[in-house]
Amino acid sequence: MLKQRILLCVTGGIAAYKAIDLASRLHKAGYQIRTILSEDALHFVSKINFEAITHSSVHTSLWEDEDPIPHISLADWADLIVVAPATANTIAKAAHGLADNLLTATLLAHTKPILWIPAMNVNMYHNSITQTNMDLLKERGHYLLDPSVGMLACAYEGKGKYPPNAEILYAIRTYLTHSRDLIGKKVMVTAGATIEHIDPMRMITNRSSGKMGISLARALALRGAEVTLVYGSVSEEIPYYLAETIYTPSVDEMHDAVIREAKTKDWIIMCAAVSDFKPALPQTKKIKKSEELDLNLVSTPDILFELGANKKASQLLIGFAAETQDIVEYAKQKLKKKNLDLIVANSLENAGKETNSIILIDSSGELAKLEGNKFDLAHQIIDTVINI
Ligand code: CTP
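Residues numbered from 1 in each chain as written. Predicted model: local features only at pLDDT ≥ 70, side-chain atom pairs only at ≥ 80, totals over all residues. Heavy atoms only, no water.

K.L.:
Where do I start with the side chain of Thr300 in this structure?
P.N.:
Here Thr300 shows up in the loop between β16 (297–299) and α11 (303–309). There is a polar contact of 2.6 Å between the side chain of Thr300 and the backbone oxygen of Ser275. Not counting the four nearest positions on each side in its chain, Thr300 is found in contact with Val251, Ser275, Asp276, Phe277 and Lys278. (Helix = DSSP H or I, 4+ residues; strand = E, 2+ residues; numbered from the N terminus. Polar contact = N/O pair within 3.5 Å; in protein donor to acceptor, adjacent residues only side chain to side chain. Contact = heavy atoms within 4.5 Å.)

Here it is in structure tokens:
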């Protein structure tokens, strides 16, 4: 398969050194990379950093390049241009069509949407001029990954931080194949396992890392949806750019949050591994092993069943079925019983793994059998939901 071509454009912000790690990750992930460094970026990083890591050409000038028209050749070559980090200055120039150096001229000559990774001082970021310039880029169909919040190099605390490169890679994977096609959609996703305490030491929980649910939340948000993630115990980093995150360790807390939030959502995707049982009387003191153990369990509420019973005509309800045997049969029963629009059936074997193999089922029967990385599967599930 032809390698996808990423043109990495690095501008002159203190986070420029983080783009070296981004280039390395892209190279290891199998992308073909070329790099443009702005004149200001050269104060922070050097050509050799990127040449050695990408094994490919690094360009810095319109006038000193082997190619007589480097801005056109590079713009045409790229499947996706990523500006990381993007300074307020380059954002302003691009928003107004300035082409005063190789980097900005290439951006202007590119005919597809560009992925921007703004990173700067919090006051520069919140300045209405920068905000208006970013809005202009968005209006023209460009993709902007929000900066994260934290301690900045300038010693200010706030929004403007260069995001984790792992998140930039997810954004690149998304925009090579999809666009922000879910702008205006309000979606709730649940993820991870609930925890029910027997005593302060012991608990009843389910096997789930939360990877599939978090992948869905991430893919939805990158495609422009307003995402509420309701989550229990997870072992995966939660994307910092979700609209809302609600931690609900127990079934009752997850139940209350989901039922409350459901009223305003267009899609609800119940991916969480919810415990079906809880101790009737959780103990407040640790049970000693010398004591007789009476594990009296009672049923928990079936959240998805309740959502299905009260579903609005405009809402889409998607459930998961994790099984050890008779996967399709059980999933079909759950689809009907819980009044779902789609059910994603999967084997418990893949809990905690990076990959999954799933079967998508609606009322007409089996739609597709899919296998792969959980993030790619998330996009395929979303593509199916769009077509319901
Ligand atoms: N679910 C839920 N509330 C519960 C149990 C499950 O909302 N108390 C949801 C899960 O999030 C999933 C779907 O229902 O989307 C199916 O969950 P699963 O555990 O596969 O099935 P159960 O309905 O619990 O039935 P069983 O355990 O008998 O397979």
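The rest of the description comes next.
K.L.:
Looking at this model, I keep getting lost on the site of the ligand. Mind explaining?
P.N.:
Taken together, the neighbourhood of the ligand is formed by 16 residues, with Met270, Ala272, Leu304, Lys334 and Lys338 sitting nearest. Measuring from an oxygen atom of the ligand, one finds a side-chain N or O atom of Lys334 at 2.7 Å. Contact with the protein chains covers 77% of the free accessible surface of the ligand, which is 570 Å². Those elements giving two or more residues to the shell around the ligand turn out to be α11 and β17 (316–323). Per-element accounting of the shell around the ligand gives the leading share, four residues, to β17. A class-by-class count of the residues in the shell around the ligand yields nine nonpolar, three polar and four charged. (Near = heavy atom within 4 Å. Areas by Shrake-Rupley, 256 points an atom, 1.4 Å probe, with all protein chains shown as cover. Nonpolar A, V, L, I, M, F, W, Y, C, P; charged D, E, K, R; others polar.)

K.L.:
Teacher, can you tell me more about the domain arrangement of the protein here?
P.N.:
Many descriptions give the size of an interface as the accessible area lost when the pieces come together. Domain annotation for the protein reports domain 1 (5–175) and domain 2 (186–386). Between domain 1 and domain 2, the C-alpha centre-to-centre distance is 37 Å. Taken together, the contact between domain 1 and domain 2 spans twelve residues of the former and eleven residues of the latter. Across the domain 1 to domain 2 interface the summed buried area is about 930 Å²; carbon plus sulfur atoms make up 57%. Counting the surface domain 1 buries against domain 2, the share from its top three residues, Glu167, Tyr170 and Arg173, is 52%. For the salt bridge of Asp376 with Arg173, the shortest nitrogen-to-oxygen distance reads 3.2 Å. If you look at where domain 1 meets domain 2, you find seven residue pairs in polar contact (both at pLDDT 80 or more). Top element by residues in the side of domain 1 that touches domain 2 is helix α8 (residues 165–177). It accounts for six residues. (Domains from an automatic or database assignment. Buried area = accessible area lost by both parts, 1.4 Å probe. Salt bridge = Lys/Arg side-chain N within 4 Å of Asp/Glu carboxyl O.)

K.L.:
Would you mind showing me how to read the packing of aromatic side chains here?
P.N.:
Within a pair of aromatic rings, the relevant descriptors are the distance that separates the centres and the angle that separates the planes. Under the criterion given, the structure shown has four aromatic pairs. With a centroid separation of 5.4 Å and 40° between ring planes, the pair formed by Tyr231 and Tyr247 is classed as tilted. Pair noted here: Tyr231 is in strand β12 (residues 226–231) and Tyr247 is in strand β13 (residues 244–247), with a separation of 16 residues, a long-range link. Residue classification places Tyr231 among the buried residues on the basis of a relative accessible area of 16%. A relative accessible area of 48% means that Tyr247 is categorised as partly exposed. For Arg218, the ring lying beneath its charged end belongs to Tyr170, and the centroid distance is 4.0 Å. (Phe/Tyr/Trp six-rings, centres within 6.5 Å; stacked < 30°, edge-to-face > 60°. Buried < 20%, exposed > 50% of the residue type's maximum accessible area, 1.4 Å probe, protein only. Lys NZ or Arg CZ within 6 Å of the ring centre and 35° of its normal.)

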